[in-house]
Amino acid sequence: MKHMRALNKKAGRIDDYVVSRTEDVVGMQDHPSTQQRPHVPAGCALMFTPGWEVDAAGGTAGLCQPVERDIYDCFVSCYWPAQVPDHLNNAPDWTAKCATATKDWRNLDLVFP
Amino acid sequence: MTASMTASATRVYRLGEFHRFDAEGARFLYLVPAGAIFAVDTAVGKLIECLTPGELSHDRLIENLAANGLGIEDSEELIDEMYHANVIVANDSVPDRPQPLPDVFPIQTLVMNLTNQCNLSCQYCYEFGADKLATPEGKPKFMDLETAKTSVDFLLSQSGDRRSIHITFFGGETLMNYPLLKEVVAYANLRAGEQGRHVDFSLTTNATLLTPTIIEFLSQNNIGVTVSMDGPKEMHDHLRVFANGKGSYDIIEPKVRALIQNHRTRPITARVTLTAGVSDVLRIFRHLKQDLGFHEVGFAPVTTSPNQLYAINATGMDSVLDQFHTLADEYLEYALRGESHGFSNVSDTLAELCQGVNKSHPCGAGLGLLGVGPSGDIAPCHRFVDSDAHALGHISTGIDKAKQADFLRRGHIDSKYDCHTCWARPLCAGGCHHEAFVRYGDTGHPNLHYCDWIRDWTNTCLEIYGAIAAKNPGFLQQFAERKAS
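Residues numbered from 1 in each chain as written. Chains lettered and ligands numbered in written order. Predicted model: local features only at pLDDT ≥ 70, side-chain atom pairs only at ≥ 80, totals over all residues.

**Focus: the interface of chain B and chain A**
Counting residues at the interface gives 22 residues for chain B, matched by 16 residues for chain A. Of the residues assigned to the side of chain B that touches chain A, the class counts are 14 nonpolar, 4 polar and 4 charged. For strand β1 (residues 4-6) of chain A and strand β4 (residues 36-40) of chain B, the ladder comprises 3 bridges, and the chain directions are antiparallel. Each residue of the ladder has a partner; that of Arg5(A), found in β4(B), is Ala39(B). (Contact = placed C-beta atoms within 7 Å. Nonpolar A, V, L, I, M, F, W, Y, C, P; charged D, E, K, R; others polar. Pairing = 2+ DSSP bridges. Helix = DSSP H or I, 4+ residues; strand = E, 2+ residues; numbered from the N terminus.)

**Side note on the nonpolar core**
Core analysis: the largest hydrophobic core is formed by 129 residues, its most contacted members being Phe38(B) and Met112(B). With residues up to four places along the chain from it excluded, the contact list for Phe38(B) reads Met4(A), Arg5(A), Ala6(A), Leu7(A), Ala11(A), Phe28(B) and Leu29(B). (Core = buried A, V, L, I, M, F, W, Y, C linked by C-beta atoms within 7 Å. Buried ≥ 20, exposed ≤ 12 C-beta atoms within 10 Å, placed from the backbone.)

**Quick word on the pairing of strand β11 (residues 268-274) of chain B**
Residue and element names in this part refer to chain B. The buried fraction of β11 is high, at 6 of 7 residues. Here 4 bridges tie strand β10 (residues 224-228) to β11, and the two strands are oriented parallel to one another. Bridged to Val227 within β11 is Ala270. In the sheet, β11 pairs with strand β12 (residues 296-301) via 6 bridges, with the strands oriented parallel. Across the sheet, the residue bridging to Ala270 is Val297, located in β12. Taking the sense of rotation as the criterion, the β-α-β connection linking β11, helix α10 (residues 281-292) and β12 turns out right-handed. (Right-handed = clockwise from strand over helix to strand, strands pointing away.)

**As for the sheet that holds β10(B)**
Residues and elements named next belong to chain B. An order of β12-β11-β10-β9-β8-β7-β13-β14 is seen for the 8 strands of this open sheet, with the pairing classed as mixed. Since the sheet does not close on itself, it has two edges, and those belong to β12 and β14 (378-379), each with one partner. Relative to strand β8 (residues 164-170), strand β7 (residues 109-113) is paired through 5 bridges, and the arrangement is parallel. Along β8, the bridge assignment pairs Leu110 with Ile167.

**Concerning the domain arrangement of chain B**
Residue and element names in this part refer to chain B. Under the domain assignment, chain B is made up of domain 1 (2-90) and domain 2 (109-399). Counting residues at the interface gives 5 residues for domain 1, matched by 4 residues for domain 2. In terms of residue class, the side of domain 1 that touches domain 2 is made up of 4 nonpolar, 1 polar and no charged. (Domains from an automatic or database assignment.)

**Regarding helix α15 (residues 433-440) of chain B**
Residues and elements named next belong to chain B. Within α15, 7 of the 8 residues are buried, which leaves the element mostly enclosed by the surrounding structure. Taken residue by residue, α15 has His433, His434, Glu435, Ala436, Phe437, Val438 and Arg439 as its buried positions. Structurally, α15 contributes buried residues whose contacts are with α13 (401-411). Of the residues trailing α15, Gly441 is marked for its positive phi of about 75 degrees.

**Observations regarding the packing of helix α3 (residues 58-67) of chain B against helix α4 (residues 72-84) of chain B**
All names here are of chain B. In the contact formed by α3 and α4, the axes pass within 10 Å of each other and the chain directions differ by 120 degrees. In this view, α3 runs oblique relative to α4, as classed from their interaxial angle. Where α3 crosses over α4, the two elements pack in a sense that is right-handed. Residues Leu61, Ile62, Leu65 and Ala66 of α3 form the contact with α4, whose participating residues are Ile72, Ser75 and Ile79. (Axes fitted to C-alpha atoms, helices over the stretch in contact; angles between N-to-C directions. Parallel < 35°, antiparallel > 145°, perpendicular 65-115°, else oblique. Left-handed = near helix turned anticlockwise from the far one by under 90°.)

**Here we look at unusual backbone geometry**
Residues and elements named next belong to chain B. Between Val32 and Pro33 the backbone carries a cis peptide bond, its omega angle lying at 5 degrees. Structurally, Pro33 can be placed in the loop between β3 (26-31) and β4. Here the amide bond leading from Gly171 into Gly172 is cis, since omega sits at 15 degrees, within 30 degrees of zero. When you line up the elements, Gly172 lands in the loop between β8 and α6 (178-194). Positive phi values are uncommon outside glycine, yet Asn86 reaches one of about 70 degrees.

In structure tokens, the structure reads:
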């Protein structure tokens, strides 16, 4: 809690409750802790992923076009497989020409079923 | 997120139930009825000021906070936090529902009145004095071994899976039945040991019958001792007298010194009863703590109907409170240096504040604590022992559930309407059942004659708690580990 500091056991329990009700939903973190921990996202913004919400510099100028390429990362790690070229069955070679994402991202193309 | 934003935007806020206090230049809130203590920042203070004149809609509250220099995002966050902590409440806040008592509540403590006989004739005695409830006619004066063993078995069988249970020996004068006390200690240790459990013992005595042998036994068996003693000679002898009127101070003074010197396994406590003629708290404390060397000294005003000559009147209670404040200031100085002061009225309250107790009943009587008289009658606590009107069954047949339920229903905080607007109720819960009966003829009546006094004293202890939390929080650790009494 930002404005109150718990000083006895009962206050500690209220603190836990308030934190669970007021703090942002944090991915992959089922049990919010009173202790502040770093937010570790699964699979996205820590790596260079062309077309993600912001570019490597934190702005939007470097974002790729078309927007379909935003989801390149989903293809590789398959955590949203239905929405991306399906590398298991229909587009196994989609990233064949993209050895290094930071250099070759332009080689990722649209898939026309 | 959208849903909750919409919900908050339509709320109309008002202040929740809490008590504000300051200590060491910092601000604190005591949340009622939770019993939670928080240190708060200036933004919380501004929020409370905004809502003090009356309720405000969400948007108006944001505007008012903006006028006090808070940005919109900060205000939204502040309101959300305070709303979920119940510092402020809204039209959609759900009031606490009364909680029924658990069907099974394991006993923790059994107070065994080994005898109802006493070798002193203290005029204020609740067992023999003018306000007595006991009806001992035709009942045994001394508990026999069989009743005592049945009582121990009763405690062991009724204490559920509690690993540690407590037996307190009481009277009359407890040591008038010392032979039985020794037998009970041996028997209880044996039976509890068979079950892999531990029994903790304590006793209250007037110290007149202490001998080196008894002191050695008490020390060897880790038996906690509380001595009923009212101060230096002239005060102690005012009411604590033998049947011939002679004071008991000269008899007990050397025995108490020997007890404190030779009983090395537990702290020795003095328990002082304050009366109209004996209310010089500071002098009593100095004598018992410094001259005699008690580790802890606790005070309680005499329990009495209002018209007894020894009853303390309102002016006397104000004077007692002033002197409590002086000792409380001393306690704080000691605590900030990490030292023990010995004024147990403060330390007992700090222990409860540390846990954040929110009591359904003022004490454990009839719930986790029971008294047993020499006849084997079960009472809510030692103060009701031998009173037919208050018996809750017999040790051989167990607790009379209907009578117990009636006692607990009367004493429940939900039944005490006068208490529902009092911020001190999480700790007080209406006060002693026995005192209520003596004053008002009903164990469930709130003790309205000392409400202001209790609120003042609770506030004082909160200030001490806040000051220690701010300057020497490590000192509170001892209370976190100690179970609330």
